[in-house]
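Survey of secondary and tertiary structure
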Amino acid sequence: MAWVQVECDREIHLNGSQGDLLLRDARGDFSRWAGQAACVYLDPPFMTGDAFYMQMRVGENGWMTGKNTLTLPAYQDRFSGKAEFLGLLRQALENAKMLLNDTGSLFLHLDSRMAAHARLLCDEIFGESNFVNEIIWAYQSGGRTMKRFSRKHDVILFYRKSRSQYFNIRAVPISRGENRQNHMRRSIDEQGRPYRSIKSGGKVYIYYDDDPVYPGDVWTDVSHLQQKDPQRTGYDTQKPLALLKRIILSTTQKGDLVADLFGGSGTTAVAASEEGRRFLSSDKGPLSIAVSRKRLLNTAMTVEAPTGSPGAFLQAEFEPGIAFYDARLLDYRTPEGSPVTGLDAVDQWSVGFYRNKTFHVQASAARTKHTPALQTMLQMPQLQGVASVMISDVLGNRSVWVQEDQL
Ligand SMILES: C[S@@+](CC[C@H](N)C(=O)[O-])C[C@H]1O[C@@H](n2cnc3c(N)ncnc32)[C@H](O)[C@@H]1O
């Protein structure tokens, strides 16, 4: 029996309660979530003038060795000028403000190129009195120059929606850096607790080694993702989970909604979901959806992004057992002329039910470093609905398929 592609603009994983992943421009309509977000993090293009890519590993060999990869265009950070860039930023910030509840916080991540312009824009939209911090995220990675001091920091502007903002620094303790206390005297108290002390202005200040310390507005303890970091998805400009977790943990509580309108590889959504928060992650690039979907494959979420890969071909088999189907992926071909085809071209696949242009995911498998060989058999319960297959391929195309006689 032939498999044919069907129109699908939504997929629901489990009950979809933990978050939403959307293919949408940051200037689009997000009014469905108005006033619901406790935190909005925006990591837009920085106006670098560059193009950014995704290194997609291909097949079992690609996942085992890291050598067989495709370079796919992810997004263009190119604007006709400052006016166009600031126009995008203004609309994204207005959407962010609309999304935030009264206790909510905004984080806008940029670098030295546009941070000053953005600060004025945020003052205008959020109000100068709602400025909280200019966070400097300093790192060592990347090249160095002899022509000036090397630029080794990003700027994260932190604003609150109102005076009733929620902020809990106790949720983000950091380790006490050794060199911060080198100039202090080391001692041990009567209970055996080590501490350091310093005399200043006639007063003695005591700092116990096991007392928590909290970050200031210069963050030097979060490193950029190294080349071999297991978090790395291959999506350029991916941020570390530790950065997002500090932002999320200090400004939200469990069950709160965290939004990101420039979601990229889905870091904010992953951080939110790992910390028991809900997420809204949106991006205008289809590749971003494919990468984020994979990072969140077993999360209860809804994905709103149209599917379709014209010219592709699928062969699969559903064998009914007792209350379950055994689904087998037999073959997949990308459209003619694609650089990869066959099962090597499958990065992720899911089985589920198709109803009203919605794919209800029941089971999924994906290639990862731990599972480079694709699991080609999945089991799913025989519920009501049309048994169907979703493929997300190495070109970033997602497609939903049903057997022709089920249409
Ligand atoms: C710096 S990256 C975000 C990286 C992300 N924080 C991560 O950790 O992976 C910027 C993202 O903005 C997206 N983007 C660019 N212009 C956009 C727009 N107008 N609306 C929505 N997304 C946009 C790009 O596709 C890209 O994924």
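The structure this text deals with has already been given above.
Residues numbered from 1 in each chain as written. Predicted model: local features only at pLDDT ≥ 70, side-chain atom pairs only at ≥ 80, totals over all residues. Heavy atoms only, no water.

1. Here's the deal with the packing of helix H2 (residues 82-99) against helix H3 (residues 115-126)
For the pair H2 and H3, interaxial distance at closest approach is 10 Å and the crossing angle is 35 degrees. Along this stretch, H2 crosses H3, giving a crossing that reads as right-handed. Residues Lys82, Leu86, Leu89, Arg90, Leu93, Glu94 and Lys97 of H2 form the contact with H3, whose participating residues are His117, Ala118, Leu121, Cys122, Glu124, Ile125 and Phe126. In terms of residue class, the contact of H2 with H3 is built from 8 nonpolar, 1 polar and 5 charged. (Axes fitted to C-alpha atoms, helices over the stretch in contact; angles between N-to-C directions. Helix = DSSP H or I, 4+ residues; strand = E, 2+ residues; numbered from the N terminus. Left-handed = near helix turned anticlockwise from the far one by under 90°. Contact = heavy atoms within 4.5 Å. Nonpolar A, V, L, I, M, F, W, Y, C, P; charged D, E, K, R; others polar.)

2. A few points about helix H4 (residues 241-251)
In terms of residue burial, H4 counts as a mostly covered element, since 10 of its 11 residues are buried. Within H4, burial applies to Leu241, Leu243, Leu244, Lys245, Arg246, Ile247, Ile248, Leu249, Ser250 and Thr251. (Buried < 20%, exposed > 50% of the residue type's maximum accessible area, 1.4 Å probe, protein only.)

3. Brief notes about the site of the ligand
Taken together, 21 residues form the shell around the ligand, and within it Asp43, Tyr235, Ser265, Thr267 and Asp283 come nearest. Contact distances for the ligand include 2.8 Å between a nitrogen atom and a backbone N or O atom of Ala26. Lys284 places a polar main-chain atom, nitrogen or oxygen, 3.3 Å from a nitrogen atom of the ligand. Among the residues making up the shell around the ligand, the classes are represented as 8 nonpolar, 6 polar and 7 charged. (Near = heavy atom within 4 Å. Polar contact = N/O pair within 3.5 Å; in protein donor to acceptor, adjacent residues only side chain to side chain.)

4. Details of unusual backbone geometry
Its identity is not glycine, yet Met47 carries a phi of approximately 65 degrees, on the positive side. Within the fold, Met47 resides in the loop between strand E4 (37-42) and strand E5 (51-57). Even without being a glycine, Ala323 presents a positive backbone phi close to 70 degrees. Mapped onto the elements of the fold, Ala323 is located in the loop between strand E17 (313-320) and strand E18 (324-333). Judged by its relative accessible area of 48%, Ala323 is partly exposed.

By themselves these figures say nothing about function.
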